[in-house]
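# Structural characterization, general
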Amino acid sequence: MIKKKNLKKLLNLNFVDLTNRTYNCGKYDLPYIKCPNIVNPDYLALYSETFNYHKTDRTFVCFYQYNTKFDNIKGIFEAIYHNDVKLLEKYKERFKGVSYAIAPDYSEVGDIPRIENLYRLFKSRIVALWLWLECDVIVIPNITYANENYFDVMLDGMEDTEVVAFSVKGSIKEQFERELLQKAIKHTVDNLNQLKKIVVYSVSVDDEKVLELFEYASNKGIEIVIPNNILKERNIINKEGKSNGQDQ
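### Here's the deal with the overall build of the protein chain
- Counting secondary structure elements, the protein chain contains nine helices and ten strands.
- Compactness check: the protein chain gives a C-alpha radius of gyration of 19 Å against a globular reference of 18 Å for 248 residues, within 12% of the reference.
- Principal-axis analysis of the C-alpha atoms gives the protein chain an extent of 80 × 40 × 35 Å.
- Counting over 248 residues, the protein chain shows a buried share of 48%.
- Long-range pairs, those at least 24 residues apart, make up 71% of the contacts in the protein chain between residues at least 6 apart in sequence.
- Surface summary for the protein chain: the accessible area is close to 13400 Å², and the carbon and sulfur share equals 48%.
- Looking at the protein chain, you have 34 positive and 35 negative side-chain charges, and the mean spots of the two groups are 7 Å apart.

Next up, the structure:
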């Protein structure tokens, strides 16, 4: 007779060690995740920037990069899924001392099968749970979607969260992307009754332009926070350099 513990391993169901410590929500049984109204981040360190994980006391680790940076055969989700103990220990060491993070952004794409986008949403929840339960990291839920057809599922399990995160990278220049982002913001604000704060990942040097995108949320009393990050710093330096060159 195969023991239940061995059966879990044989069936690649190691992730249930995490999901059994919360509960599932919505049509697709997405794991429940929430975040209290915590301190405002003043810096967002990208996943690959381990040297910046502790830049300030209020630095948050985020995953707003190409998926291959954190989602590959040795990626964090695969380590959890296959219960790769040695690899998980490396990840625990990587996040040692990290207090805050934003749930991974496993990019969703509009012209691929829906099941893949839903699975990417599931992966983000699993990694968020692992960071919280195994590394004692407070994790802000990330709002992600491929298009409006995913609005019906993107908030499942977030019903009680007080803070969420959005990335506006790539959503400012194109009118269609701006309009889609604003629709997502409105849907989020209208459906998360406990929401008090939105953390925004932006590389733009113009915070006022970014704040305009979140005007619906701010008019509802939601605090909008736009922390610094390495790409934003570089863009500011480049802009200042160009301005100084023109002044000479």
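### Digging into the sheet that holds strand β8 (residues 197–201)
- One open sheet holds the three strands; their spatial order is β7-β8-β9, and the pairing between them is parallel. Looking along the sheet, the strands with just one partner apiece sit at the ends: β7 (163–167) and β9 (223–225). Going from strand to strand, the sheet's axes swing by 25° on average, the running direction of each strand aside.
- With three bridges joining them, β8 and β9 adopt parallel strand pairing. Across the sheet, residue Lys 197 finds its bridge partner in β9, namely Glu 223.

### Considerations on the packing of helix α4 (residues 85–94) against helix α5 (residues 114–135)
- Two numbers describe how α4 lies on α5: the axes approach to 11 Å, and their chain directions differ by 75°. Relative to α5, the element α4 is oriented roughly perpendicular. Contact residues: α4 offers Leu 88, Tyr 91 and Lys 92, while α5 offers Trp 130, Glu 134 and Cys 135.

### Some words on the sheet that holds strand β5 (residues 100–102)
- Strand order in the open sheet formed by five strands is β6-β5-β4-β3-β10, with parallel pairing between adjacent strands. Edge positions in the sheet fall to β6 (138–140) and β10 (228–229), since each of these pairs with one other strand and no more.

### Things to note about the nonpolar core
- Grouped together as the largest cluster of nonpolar side chains are 80 residues, with contacts concentrated most on Phe 95, Trp 130, Tyr 145, Phe 166, Ile 198 and Phe 214.
- Considering each element in turn, this core owes the most residues, ten residues, to α5.
- Contacts of Phe 166, omitting those with residues within four sequence positions, involve Tyr 64, Ile 143, Tyr 145, Leu 181, Ala 184, Ile 185, Thr 188, Ile 198, Val 199, Val 200, Tyr 201 and Phe 214.

### With respect to the pattern of salt bridges
- Applying the stated criterion to the full structure yields eleven salt bridges.
- Here Asp 17 and Lys 8 are joined by a salt bridge, their closest N and O atoms 2.8 Å apart.
- We classify Lys 8 as partly exposed; its relative accessible area is 21%.
- One salt bridge in this structure joins Lys 92 and Glu 134, with 3.4 Å as the shortest N-O distance. Of this pair, Lys 92 sits in helix α4 while Glu 134 sits in helix α5, and the two are 42 residues apart along the sequence.

### Some words on the pairing of strand β4 (residues 59–62)
- Residues Thr 59 and Val 61 line one face of β4 and the alternating positions Phe 60 and Cys 62 line the opposite face, and both faces are buried.
- Bridge count between strand β3 (residues 43–46) and β4: four bridges; the pairing is parallel. Looking across to β4, one finds that Leu 44 is bridged to Phe 60.
- Bridging between β4 and β5 involves two bridges; their strand directions are parallel. Among the inter-strand pairings, Val 61 is bridged to a residue of β5, identified as Ala 101.

### Concerning the packing of aromatic side chains
- Following the criterion strictly, the structure yields 16 aromatic pairs and no others.
- Judged by centre distance (5.2 Å) and plane angle (80°), the ring pair of Phe 63 and Phe 70 falls under edge-to-face. Take Phe 63 and Phe 70: they sit in the same class, and that class is buried.
- Put simply, the rings of Tyr 47, Tyr 53, Phe 63, Phe 70, Phe 95 and Tyr 106 touch in pairs and so form one group of aromatic residues.
- Sitting over the ring of Tyr 43, Lys 55 keeps its end group 5.1 Å from the ring centre.
- Its end group placed over the ring of Tyr 150, Arg 114 keeps NZ or CZ at 4.7 Å from the ring centre.

### Remarks on the state of the cysteines
- Enumeration according to the criterion identifies zero disulfides in this entry.
- Cys 62 forms no disulfide, and the closest cysteine sulfur to it belongs to Cys 35, at a distance of 14 Å.
- Left without a disulfide partner, Cys 135 is nearest to the cysteine sulfur of Cys 35, which lies 16 Å away.

Definitions and cut-offs
Residues numbered from 1 in each chain as written. Predicted model: local features only at pLDDT ≥ 70, side-chain atom pairs only at ≥ 80, totals over all residues. Heavy atoms only, no water. Helix = DSSP H or I, 4+ residues; strand = E, 2+ residues; numbered from the N terminus. Rg over C-alpha atoms; globule rule 2.2 N^0.38 Å. Buried < 20%, exposed > 50% of the residue type's maximum accessible area, 1.4 Å probe, protein only. Contact = heavy atoms within 4.5 Å. Areas by Shrake-Rupley, 256 points an atom, 1.4 Å probe, with all protein chains shown as cover. Lys, Arg positive; Asp, Glu negative; His and termini not counted. Charge placed at Lys NZ, Arg CZ, Asp CG, Glu CD. Pairing = 2+ DSSP bridges. Axes fitted to C-alpha atoms, helices over the stretch in contact; angles between N-to-C directions. Parallel < 35°, antiparallel > 145°, perpendicular 65-115°, else oblique. Core = buried A, V, L, I, M, F, W, Y, C linked by side-chain atoms within 4.5 Å. Salt bridge = Lys/Arg side-chain N within 4 Å of Asp/Glu carboxyl O. Phe/Tyr/Trp six-rings, centres within 6.5 Å; stacked < 30°, edge-to-face > 60°. Lys NZ or Arg CZ within 6 Å of the ring centre and 35° of its normal. Disulfide = S-S within 2.5 Å.

Take it as geometry only, folks, not as evidence of what the structure does.
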